[in-house]
Amino acid sequence: MSSTSTTTQSAPVPVVILGGADSRPAALPEEGRDKHPLRGYKAMDVQIGGRPLIDTVIDRLRASGGFDPIYVAGPRDVYGERRPHAEIIDTDGAFGDNIRAAIEHCRVRHPGQPIGFITCDVVPDVETLESVLEHFRRHRPCDLWFPMIQAPDDPELLGASQWKPEYVISSESGDRQTKVLPCHLAIADPESLRLAFVYKLFDLAYRTRNRPVMYRRGIIVRKLLFALLWQDLRHILGLRAPTLTWTLIRTGTDAARGLKSGRITRKRLEDATRTLFVKNAHRRKHPGRRMVLPIVEGLSLALDIDTVEEARAAGGRVRRAE
């Protein structure tokens, strides 16, 4: 490997902390009926060691040594300018709108570079960040790197987050299943992605988080259908085959069913997500590129703070609740 390639592989990744507000409390499944969901700007309202959670997230990202610069995508009048180690991307929309603002900003500031995204409501261990970053470096360049966190055999280790849904991945041989939790850190190449689709899909996915996978699939398909049909009409007018709606809905449905049943393998899930998220032209130009969805250890990247109980379990207190 040349020195230039080595430098590129080890270069820090620009990262965006998604710091928007939950305008209403997260919908909790039956398993979480006794919890107290949070709303508002959790990264400011949850205090750890007397400091807003956002400061802890920034500190952990800096300490890992792999992320630079660090941005916070959220309203300037909430986060202010007092943070010397993070720049504010002034946005205050829905989850997908904040991702859009972050990508538009970073594409100008860091053209051609991958961009990291982390939610503002996790307390990541520095050692976990270092470990997963090393995995990313070994697999870059890729279209999207989005790990899944291996769930512990003992659910008691999840503490106040035991109520959250798990998903099941099958081994390639089909003789073993692994329970996983969603990770709250991802690194993407924005130039490869169907960005309008990504913004809408992630907005819907965030709104339906913590709900059963097939319920989420139904909501997402209904909300996306018109936009996909409109895109197919544009394909017809451009004398291209109108296959987008059928391809994406079929692929997404198969992946959702596989996650629910535990019959989908990691390779099949990676192939499905590349079909969903990556532009056809990019797939033709870079047939060897991959979506990388590894199963890794690192509970601190899975245990997001949605409830007062989870905030307390993370060693914090909720400014508006206590």
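Residues numbered from 1 in each chain as written. Predicted model: local features only at pLDDT ≥ 70, side-chain atom pairs only at ≥ 80, totals over all residues. Heavy atoms only, no water.

**Some remarks on the overall build of the protein**
What counts here: A run of DSSP states H or I qualifies as a helix once it reaches four residues; a run of E qualifies as a strand once it reaches two. Both are numbered from the N-terminal end. Accessibility here uses a 1.4 Å probe with only protein chains present; expressed as a share of the type maximum, an area under 20% marks a residue as buried, one over 50% as exposed, and anything in between as partly exposed. The contact definition used throughout considers only heavy atoms, calling two residues in contact when any of these lie within 4.5 Å. Using a 1.4 Å probe, the Shrake-Rupley method yields the accessible areas, and only the shown protein chains count as cover for residues.
Along the protein, the regular secondary structure elements total 12 helices and 14 strands. Evaluated residue by residue, the protein yields a buried proportion of 52% over its 322 residues. In the protein, 71% of the contacts between residues at least 6 apart in sequence involve partners at least 24 apart. Summed over its atoms, the accessible surface of the protein is roughly 15700 Å², and 52% of this surface lies on carbon and sulfur atoms.

**Overview of the sheet that holds strand 8 (residues 148-150)**
Threshold: Being paired, for any two strands, means DSSP has found at least two bridges between them.
The four strands are arranged 9-10-8-13 in an open sheet whose pairing can be described as mixed. Edge positions in the sheet fall to strand 9 (167-170) and strand 13 (295-296), since each of these pairs with one other strand and no more. Across two bridges, the pairing between strand 8 and strand 13 is parallel. Across the sheet, residue I149 finds its bridge partner in strand 13, namely V296.

**What to know about the sheet that holds strand 2 (residues 46-48)**
The antiparallel open sheet is built from three strands, whose spatial order is 3-2-14. For this open sheet the edge positions go to strand 3 (51-52) and strand 14 (316-318), each flanked by a neighbour on one side alone. With two bridges connecting them, strand 2 and strand 3 associate as antiparallel partners. When the bridges of strand 3 are listed, Q47 appears paired with P52.

**A word on helix 10 (residues 266-277)**
Note the cut-off: Expected helix span is computed as 1.5 Å times (number of residues minus one).
The end-to-end C-alpha distance of helix 10 is 16 Å, a good match for the 16 Å that 12 residues give at a rise of 1.5 Å each. Within helix 10 the residues assigned to the buried category are L269, E270, A272, T273, R274, L276 and F277.

**Some thoughts on unusual backbone geometry**
Cis rather than trans, the peptide bond between D68 and P69 has omega equal to -5°. Locating P69 in the fold gives a position in strand 4 (residues 67-74).

**What to know about the packing of aromatic side chains**
What describes a pair of aromatic rings is the distance from one ring centre to the other and the angle between the planes of the rings. Defined as follows: Centres within 6.5 Å are what make two rings of Phe, Tyr or Trp a pair, Trp counting through its six-membered ring; a difference in plane orientation under 30 degrees is then read as stacked, over 60 as edge-to-face, and the rest as tilted.
Scanning the model with the defined rule gives two aromatic pairs in all. Centroid distance Y41 to Y79: 6.5 Å. Interplanar angle 85°. Geometry classified as edge-to-face. With Y41 in the loop between strand 1 (13-18) and helix 2 (42-45) and Y79 in helix 4 (residues 76-79), this pair connects stretches of sequence that are 38 residues apart. Comparing Y41 with Y79, the two get one shared label, buried.

**Considering the nonpolar core**
For soluble globular proteins, nonpolar side chains are generally found buried alongside one another. Operational definition: Among buried residues, the Ala, Val, Leu, Ile, Met, Phe, Trp, Tyr and Cys ones that are joined through side-chain atoms within 4.5 Å form a nonpolar core.
With 45 residues, the main nonpolar core has I17, I54, L61 and L185 as its most contacted residues. Taken together, the elements giving at least two residues each to this core come down to strand 1, helix 2, strand 2, helix 3 (53-64), strand 4, helix 6 (126-139), strand 11 (185-188) and helix 12 (308-313). The element contributing the most residues to this core is helix 3, with five residues. Contacts of I17, omitting those with residues within four sequence positions, involve I54, V57, I58, L61, I70, Y71, V72, A73, I118, T119 and C120.

**Let's talk about the confidence of the model for the protein**
Our working definition: As a per-residue quantity, pLDDT reports the predictor's confidence and falls between 0 and 100.
Overall, the predicted model of the protein reaches an average pLDDT of 83, with 78% of residues at or above 70. Mean pLDDT values over the elements of the protein span from 50, in helix 8 (residues 213-237), up to 97, in strand 6 (residues 115-119). Long-range and interchain partners of residues 228-239, a stretch whose pLDDT sits below 50, account for 16 contacts in this model, where long-range means more than four residues apart.

**What to know about the pairing of strand 6**
Counting buried residues along strand 6, five of its five residues qualify, which places the element largely inside the surrounding structure. In strand 6, alternate side chains face the same way, and those of I115, F117 and T119 on one face and G116 and I118 on the other are all buried. Looking at chain direction, strand 1 and strand 6 are connected through four bridges and run parallel. Bridging from a neighbouring strand, V16 pairs with F117 of strand 6. In the sheet, strand 6 pairs with strand 11 via four bridges, with the strands oriented antiparallel. Paired with I118 across the bridge in strand 11 is L185.

**Thoughts on the packing of helix 3 against helix 6**
Using the following cut-off: Here, axes are lines fitted to C-alpha atoms. For helices the fit covers the stretch in contact, and angles between N-to-C directions go from 0 to 180 degrees. When describing relative orientation, an angle under 35 degrees is termed roughly parallel and one over 145 degrees roughly antiparallel, while 65 to 115 degrees is termed roughly perpendicular and anything else oblique. In this scheme, a crossing is called left-handed if the near helix is turned counterclockwise away from the far one by less than a right angle; it is called right-handed if the turn is clockwise.
At their nearest, the axes of helix 3 and helix 6 sit 9 Å apart, and the two run at 50° to each other. One element, helix 3, and the other, helix 6, form an angle in the oblique class. Between helix 3 and helix 6 lies a crossing of right-handed hand. The residues of helix 6 that touch helix 3, namely those facing R60, L61, A63 and S64, are V126, L129, E130 and L133.

**What about the environment of A313?**
Inspection of the secondary structure assignment puts A313 in helix 12. A C-alpha to C-alpha distance of 9.9 Å links A313 and L158, two positions 155 residues apart in sequence.

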